[in-house]
Structures are given as C-alpha cells and as structure tokens.
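Next come the chains, spelled out residue by residue.
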Amino acid sequence: MKPLAYSKSIFGLRFDQSRLSSARVLPLVDALLIIAFVLDLFASFLVWKGFLPEAVTSIAQMFVAVAVVFAYTRMMILHRIPAAVWALLGVSAIGITVAVFRGQGLIATLWGWWNLFKYPMLGIYAYMRLRWPDDFAKKLIQVCFGLVVFQTIFQTGQYLLGEPIGDNLAGTFGWHGVGHILFLTCLALSLALGLWVAERRWTTLLLILVLGAVSNILAENKIFPAAALALAVASIGLYVGQRGQLSRLFVFAILLVAGVWAFSAGYNALVPGAEREPLQRLFIEEEARENYLNKVKRSRTAEQQTYNLGRNVAIEYALSTLEGDMVSLGFGLGLGARSQSGTLGVAGAGLKADKFDRGSQLVAIVQEMGLFGLLMVLGFTAWISVKLWLDIRRYPESPARALRHGLLLFSLFWPVWLWYKNPLGADVAMMIYWIGLGYVLSEPHSENLGDGL
C-alpha cells in the first residue's frame with residue numbers, strides 16, 4: 001500500500017539506483033549530521049573563547065546542506081515527493097520572486113531561504129528515511145534530556161567561575177546564546193510532559209522542570225515560567241482529553257505552582273537588579289509589561305545610531321514598512337530581506353533600509369513575506385498540530401507515542417516561539433525537533449516503503 005503522505009512525482013527523470021546505494025551513502029550522511037550537531041553544540045563557545053576560527057561554524061551548515069541535497073535525490077529516485085514539499089516549494093517561489101523583482105541580490109535571497117527552510121528540509125530528509133532503529137524515539141528523547149543536564153552543569157560551572165548571569169551565561173552555546181538554552185529546555189520540557197501524558201512518568205518531568213528552571217535563571221530567560229505554565233496547561237488538556245481523570249491532576253497542579261514560585265524566587269535572589277524589578281512585576285503589573293513589550297530604546301556607537309524595540313513594537317514596525325503598497329503588505333519584501341551573513345558579506349534589503357538592531361523571527365517573516373507569512377505560520381501550526389493529534393489517536397501502541405505528544409505540545413506554540421526570539425536559529429534544538437518530526441510522520445508508513453534507495 002502506498003502511503004498517503006506521498007504524491008506522484010511530475011518529473012520524468014530516472015536514476016541508476018545501483019550507483020547510489022543507501023547501504024553506503026546513508027551512514028555517511030548520518031555521520032555528517034552527527035558532526036554538524038556536535039559542532040553546533042560546542043563551536044560557538046570555542047569561537048567565543050578564541051580556540052577556533054569563526055569559519056568553523058559554517059561547516060555545520062554545509063553538512064546540513066548535504067542532507068538536504070540527499071533528501072532531494074531520494075525523492076527523485078523514489079519518484080515520490082512528500083505532499084508538504086509542494087507547499088514549501090510554493091512558498092519559496094513566492095518569496096524568491098518578490099525579492100528578485102524588488103532588485104535584491106540572489107545570494108542574499110538564497111541565504112534568507114536557507115535560514116527559513118533548512119531545518120524543515122532536514123525534516124524532509126528524516127521523513128524520506130526508510131529504516132529507523134526500533135528504539136529511536138526513546139533515544140531521541142534521552143538525547144534531549146541529557147543535553148539539558150549537561151548544559152545546566154556547564155552553566156553552573158560558568159557561574160561559579162565568575163561569568164555573570166545574563167546573555168553570555170549560556171553553556172556551550174557561547175556569546176549571547178541564551179535563546180538556544182530557552183528552546184532546548186522548552187523542547188525538553190515538552191517531551192517530558194509528553195512522557196507524562198503517554199506513560200504517566202513523574203520523575204523525569206520533575207527533573208526536567210527543576211533543571212530547566214535552574215538553566216533559565218542562569219540565562220535570565222524571563223519567559224520560561226510563562227512558557228512552562230502554558231505547556232503544562234496544554235498537556236493537561238491532552239491528558240483530560242485522553243483519560244478524563246481530573247482528580248489525578250491535583251499533585252501535578254501543586255508541582256507546577258511550586259515550580260513557578262521556585263523559579264521566581266531563584267530569579268529574584270540571583271539576578272542582579274531583580275531586587276528593584278522582581279520577576280513577578282512583569283506578569284502582574286501592566287506598566288512593567290508595557291515597558292517590556294513596547295519599549296523603544298536608542299543606542300549610539302562610533303559608527304551609527306541603532307534602535308532596540310520591544311517585541312510588540314517590532315511587529316508593528318515591520319508592518320509599517322509594508323504600508324502604502326498592497327503587494328508589499330500581502331507578500332512582504334521577499335525572502336532574505338531581513339537576513340544577513342558576515343561570512344558571505346551580504347545583507348537583505350530590509351536590514352539595509354533601517355537602523356533596527358533587533359528582531360524576532362516573526363518580525364523577519366512579517367517583513368519578508370507580509371500577511372502571507374503570518375498565514376503560513378498559523379497554517380503550519382494548525383496542520384502539524386492536527387496531524388500529530390490524529391496520529392496519536394490512530395496509533396495508540398506506537399513506540400513513538402510519547403514523542404508525538406511532546407512534539408505536539410512544542411508545535412502548538414510555534415507563534416509564541418517565533419514572536420519571542422529566533423527558534424530556527426537554535427540549531428541543536430531544531431535538529432532534534434525537525435528530525436523527530438520527520439520520524440514520527442514517517443513511522444506509520446516506514447514498513448510499507450520497501451528498500452528504495
């Protein structure tokens with residue numbers, strides 16, 4: 001039976017499959033991805049401390065590109081293209097066309113495409129695999145949990161050796177790497193909650209909640225308690241929807257409240273300046289929230305004056321740059337408009353046109369793809385959430401059941417992750433998420449695909 005997730009290829013090309021055997025090629029590609037994963041985990045810290053040149057960070061990008069090319073080759077050989085690829089190609093065609101017609105350079109445009117779609121394409125690579133270890137879902141979850149343990153220990157060591165709490169206290173993610181810490185710990189917490197919903201495992205959830213709190217206090221990630229609370233509420237909805245046992249959630253609610261209180265207490269005790277502006281003010285007082293979300297700050301350097309905008313103001317600013325032109329409002333300035341690469345020496349048209357020095361991924365999507373980009377985010381969030389939920393119901397005995405629950409919880413909050421920071425730039429967390437996503441989507445069909453490539 002042919003899996004419904006595939007559609008026939010429109011290409012008439014045929015390849016000599018004997019020249020590209022998965023028995024030889026697939027382990028090589030997997031090895032390159034493991035090397036890329038290790039580089040993403042350690043390279044930023046080693047570059048920051050001067051032990052490695054910055055060019056090393058580009059090696060991981062090249063290795064991921066190899067996996068993307070291999071996924072494309074596999075699609076051609078199998079003469080089947082995952083249905084999601086057509087949507088990706090359509091979005092890419094629109095974004096690239098808009099950028100080119102507006103006169104943006106091709107390299108800057110392609111770099112913008114790569115930044116936005118490299119990890120979804122890595123998910124396609126995982127989806128196109130025909131064989132997985134029987135315990136892959138369990139091992140992937142363990143890797144994520146192990147990384148949280150490792151990063152928390154590393155951060156604690158940094159703190160004891162004198163690194164102040166703040167943007168650089170980010171474990172092996174190095175200079176200004178606290179966004180990587182946030183998304184790794186939120187993904188791990190999602191997976192721990194997924195284990196709790198699927199298998200009622202409390203101890204793992206408690207451990208990850210404690211370690212996540214410690215790690216994000218050291219990284220000064222203020223949003224973590226709010227994110228943990230939102231993920232927990234969503235997991236309660238999943239639990240009740242499947243088991244309908246509200247009485248058994250009492251202990252969970254107590255642990256959750258205690259965890260949020262402990263995070264706030266630890267934050268206020270350790271973070272410099274928290275005695276003047278305690279964390280709870282941000283969630284309780286409207287004035288504090290207004291200042292945090294809608295601030296406009298100027299800073300001047302020897303070269304230029306730049307502006308640091310609050311997250312809501314940044315979205316408003318991105319939309320304001322598209323006003324007066326219905327095409328721009330609808331489709332933005334084109335892919336790459338708010339992307340730059342020091343290695344390639346390119347910057348998008350949007351970055352060249354303003355002095356705004358900060359922006360979340362949602363700001364970039366709005367400015368590059370307009371209202372169409374917002375619809376794309378909402379559409380993907382809805383589609384992947386529904387798809388994972390249906391697969392949870394269809395395959396209750398699957399070994400990937402807990403992983404599906406965790407990925408569903410993380411996926412539900414894609415608009416929040418994109419609004420807050422740059423999740424697609426959190427390489428380690430994104431490799432785990434997208435490979436896990438490709439695996440769980442292909443797992444029901446993997447036995448039916450044959451040996452293929």
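Not measured: the values here are computed from a predicted model.

**Topic: the overall build of the protein chain**
Thought 1: Counting its regular elements, the protein chain contains 18 helices and 6 strands.
Thought 2: In the protein chain, which comprises 453 residues, the share counted as buried stands at 51%.
Thought 3: In the protein chain, 75% of the contacts between residues at least 6 apart in sequence involve partners at least 24 apart.
Thought 4: With the model as given, the accessible surface of the protein chain reaches about 21,200 Å², and the carbon-plus-sulfur share is 64%.

**Some words on the environment of A188**
Thought 1: Here A188 is to be found in helix α6 (residues 178-199).
Thought 2: A residue is classified by how much of its surface remains accessible, and A188, at 0% relative accessible area, is buried.
Thought 3: Separated by 42 residues in the primary sequence, A188 and G146 have C-alpha atoms spaced 9.4 Å apart.

**Points about the pattern of salt bridges**
Thought 1: For the coordinates displayed, the defined rule picks out 9 salt bridges.
Thought 2: Among the ionic contacts, a cluster of salt bridges with common partners joins K387, D391 and R394.

**Overview of a nonpolar patch on the surface**
Thought 1: Together, L206, V210, V214, F250, V251, I254 and L255 make up an exposed nonpolar region whose accessible area comes to about 590 Å².
Thought 2: At the level of secondary structure, the elements contributing two or more residues to the nonpolar patch comprise α7 (202-219) and α9 (250-270).
Thought 3: When residues in the nonpolar patch are grouped by element, the largest group, 4 residues, is from α9.
Thought 4: Tracing the chain through its elements places I254 in helix α9.

**Regarding the confidence of the model for the protein chain**
Low-pLDDT portions of the prediction should not be read for the details of their coordinates.
Thought 1: Looking at the protein chain as a whole, the pLDDT averages 84, with 88% of positions reaching at least 70.
Thought 2: Here strand β1 (residues 6-8) stands out as the least confident element of the protein chain, with mean pLDDT 40; helix α16 (residues 401-411) is the most confident, with 97.
Thought 3: Across residues 1-23, where pLDDT falls below 50, the model places 44 contacts with residues more than four positions away in sequence or in other chains.
Thought 4: This stretch, residues 448-453, has a pLDDT under 50; its non-local contacts, to residues over four places away or in other chains, come to 18 contacts.

**Some words on the side chain of E368**
Thought 1: Mapped onto the fold, E368 is located in helix α15 (residues 361-394).
Thought 2: Buried and unpaired, E368 has no salt bridge, with R338 as the nearest side chain of opposite charge at 7.5 Å.
Thought 3: The contact partners of E368, leaving out residues within four places of it in the chain, are F331, G332, L333, G334, L335, G336, A337, R338 and S339.

**Examining the packing of helix α2 (residues 57-78) against helix α4 (residues 106-127)**
Thought 1: Between α2 and α4, the least distance of the axes is 9 Å, while the angle of their chain directions is 60°. Overall, the two elements α2 and α4 adopt an arrangement that is oblique. α4 is crossed by α2, and the crossing has left-handed handedness. In this structure, α2 uses Q61, V64, A65, A67, V68, F70, A71 and M75 to contact α4, whose residues at the interface are W111, W114, K118, M121, L122, I124 and Y125.
Thought 2: Across the contact of α2 with α4, the residue classes tally to 13 nonpolar, 1 polar and 1 charged.

**A word on α9**
Thought 1: When the terminal C-alpha atoms of α9 are compared, their 30 Å separation across 21 residues agrees well with the 30 Å that a helix rising 1.5 Å per residue should span.
Thought 2: When we look at burial in α9, the residues that qualify are F252, L256, F263, S264, G266 and Y267. For α9, the angular spread of buried residues about the axis comes to 165°, placing them on one side. Exposed side chains of α9 directed beyond 90 degrees from the buried face belong to F250, V257, W261 and A269.

**Observations regarding the environment of L209**
Thought 1: By the element assignment, L209 lies in helix α7.
Thought 2: Taking relative accessible area as the criterion, L209 reaches 15% and is therefore assigned buried.
Thought 3: Between the C-alpha atom of L209 and that of L193, which follows or precedes it by 16 residues, the distance is 9.6 Å.
Thought 4: Every residue in contact with L209, bar those within four places of it in the chain, is listed here: L189 and L255.

**Details of the packing of aromatic side chains**
Thought 1: A complete count under the given rule lists 26 aromatic pairs for this structure.
Thought 2: Seen in terms of ring centroids, W196 and Y239 are 4.8 Å apart; in terms of plane orientation they differ by 10°. Their pairing is stacked. Residue W196 is located in helix α6, and its partner Y239 is located in helix α8 (residues 224-243); the two are separated by 43 residues in the primary sequence.
Thought 3: Judged by its relative accessible area of 1%, W196 falls in the buried class.
Thought 4: Ring geometry for F331 against F372: centres 5.8 Å apart, planes inclined by 45°, an arrangement best described as tilted.

**Remarks on the packing of α15 against helix α18 (residues 427-442)**
Thought 1: At a minimum axis distance of 11 Å, the contact between α15 and α18 shows a crossing angle of 50°. Relative to α18, the element α15 is oriented oblique. Relative to α18, α15 is oriented so that their crossing is left-handed. Contacts from F380, W383, I384, K387, L388 and D391 in α15 reach Y433, W434, L437, V440 and L441 in α18.
Thought 2: Of the residues in the contact of α15 with α18, the class split is 9 nonpolar, no polar and 2 charged.

Definitions and cut-offs
- Residues numbered from 1 in each chain as written.
- Predicted model: local features only at pLDDT ≥ 70, side-chain atom pairs only at ≥ 80, totals over all residues.
- Heavy atoms only, no water.
- Helix = DSSP H or I, 4+ residues; strand = E, 2+ residues; numbered from the N terminus.
- Buried < 20%, exposed > 50% of the residue type's maximum accessible area, 1.4 Å probe, protein only.
- Contact = heavy atoms within 4.5 Å.
- Areas by Shrake-Rupley, 256 points an atom, 1.4 Å probe, with all protein chains shown as cover.
- Salt bridge = Lys/Arg side-chain N within 4 Å of Asp/Glu carboxyl O.
- Patch = residues over 30% accessible without salt bridge, like charges linked within 9 Å, V, L, I, M, F, W, Y side chains within 5 Å.
- pLDDT = per-residue confidence, 0-100.
- Lys, Arg positive; Asp, Glu negative; His and termini not counted.
- Axes fitted to C-alpha atoms, helices over the stretch in contact; angles between N-to-C directions.
- Parallel < 35°, antiparallel > 145°, perpendicular 65-115°, else oblique.
- Left-handed = near helix turned anticlockwise from the far one by under 90°.
- Nonpolar A, V, L, I, M, F, W, Y, C, P; charged D, E, K, R; others polar.
- Expected span 1.5 Å × (residues − 1).
- Arc of directions from axis to C-beta.
- Phe/Tyr/Trp six-rings, centres within 6.5 Å; stacked < 30°, edge-to-face > 60°.

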